[in-house]
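# Architecture and fold: a report
Chain by chain, the residues:
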Amino acid sequence: MLAARTGAAGSQISEENTKLRKQSGFSVAGKDKSPKKASENGKDSSLSPSGQSQLRARQLALLRDMEMDCYLKLCDLSSEHTTSYTTGMRYRNLGKSGLRVSCLGLGTWVTFGGQISDEVAERLMTIAYESGVNLFDTAEVYAAGKAEVILGSIIKKKGWRRSSLVITTKLYWGGKAETERGLSRKHIIEEIVRAMTHVINQGMAMYWGTSRWSAMEIMEAYSVARQFNMIPPVCEQAEYHLFQREKVEVQLPELYHKIGVGAMTWSPLACGIISGKYGNGVPESSRASLKCYQWLKERIISEEGRKQQNKLKDLSPIAERLGCTLPQLAVAWCLRNEGVSSVLLGSSTPEQLIENLGAIQVLPKMTSHVVNEIDNILRNKPYSKKDYRS
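To start, this report covers the structure provided alongside it. All of these numbers come straight from a predicted model, not from anything done at the bench. (Residues numbered from 1 in each chain as written. Predicted model: local features only at pLDDT ≥ 70, side-chain atom pairs only at ≥ 80, totals over all residues. Heavy atoms only, no water.)

### A word on the pattern of salt bridges
The tally for this structure, following the rule as stated, stands at 10 salt bridges. Here Glu122 makes a salt bridge to Lys157, at a shortest N to O gap of 3.0 Å. Taken together, the residues span a long stretch of sequence, with Glu122 in helix α5 (residues 118-130) and Lys157 in helix α6 (residues 146-158) at a distance of 35 residues. Among the residues examined, Glu122 registers a relative accessible area of 19% and is labelled buried. (Salt bridge = Lys/Arg side-chain N within 4 Å of Asp/Glu carboxyl O. Helix = DSSP H or I, 4+ residues; strand = E, 2+ residues; numbered from the N terminus. Buried < 20%, exposed > 50% of the residue type's maximum accessible area, 1.4 Å probe, protein only.)

See the structure below:
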């Protein structure tokens, strides 16, 4: 279970947003209000379904650009004052909600309160924040609750505006007692949908989503929410990387188009497997060398693990040609999927984080030709019969 918390925007912004939409010439859906051409619904009937999707995406992007220009004029600012301009970070909507999150977020699994010191954790958060990251992910089970405490302490110490951040946490594995874990009302203040609706109505969170749920379970939660006039989930946290594709590329797109649930993905480097550090075995200082990660070590040294390392070697020339590292290529590959709202990074050193954040510069180079090259090497592209239209 995932809950997202963000600061309030204020009534002034709300009023200005209304003005902006009136000035933009577009509806919320992004359709042109100028005289219709080619067809009654404003779309060119000669375009293929994929072409119509691209046209719609351009319309929505234009709408956002026009809104931003109008907003900056109202505030007597220029584009140079925006975080995206100064840092190069890109922002996307979380599913079909109005919440804008950085396309790269910082996760705290294993690292905060465990693998790294509090000082290193502060350094990582500072680098991420100054690079335009506004999404920070944690969970009550991470380091037995320490990760949440450390993250909160750093935010307080740095004095960052709460309204500029999106904090996500996850619930289920809590304390040792039976009443301290699970998704009961006792634990998270009625079961799941009702509980999360209560949490949001009380102002404890602004949105809620799921983590590692099946598409059927998410759809059931949405149906219950609609049936009883409650709040449905807006996103699913799912594992997604070069060797794990089915859920994010086949199952979640259907949920996005049907009910607006977006994807927030984690482990873009497959717990470090794609970093290249395991090409010649398991280094002593690596995550796979830890006792609690014996399963990762077994995965790496398995026959499938060796096959994956060989594929990574075949991908290295592509990374070299694009002028990036293999981890940057892997993260950019995740970002090239427009159905992904944000990719969560997990880093144990400032150098790793800076390298992974550099994937933003690689994203424009992820052309269809490059993606096809990668697919030909991986040979694991999932197949979907359905064509989702905008």
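After that view, the rundown keeps rolling.
### Some details on the nonpolar core
Membership of the largest hydrophobic core comes to 85 residues, with the highest contact counts inside it found for Leu104, Phe112, Met366 and Ile374. With 8 residues, helix α13 (residues 326-335) is the single largest residue contributor to this core. In this view, Ile374 contacts Leu242, Leu315, Ile318, Leu329, Trp333 and Met366; residues no more than four positions away in its chain are not counted. The next biggest cluster of nonpolar side chains, apart from the first, holds 10 residues, and it includes Leu94, Leu135, Val166 and Met264. (Core = buried A, V, L, I, M, F, W, Y, C linked by side-chain atoms within 4.5 Å. Contact = heavy atoms within 4.5 Å.)

### A word on unusual backbone geometry
In this structure, Asn229 is a non-glycine residue whose phi angle is positive, near 55 degrees. As for its placement among the helices and strands, Asn229 is situated in the loop between α9 (215-227) and β8 (235-239). Even without being glycine, Cys271 reaches a positive phi, approximately 60 degrees. Here Cys271 shows up in the loop between β9 (262-266) and α11 (294-301). Given the relative accessible area of 8%, Cys271 is considered buried.

Fair warning: the whole summary comes from geometry, so function is off the table for now.
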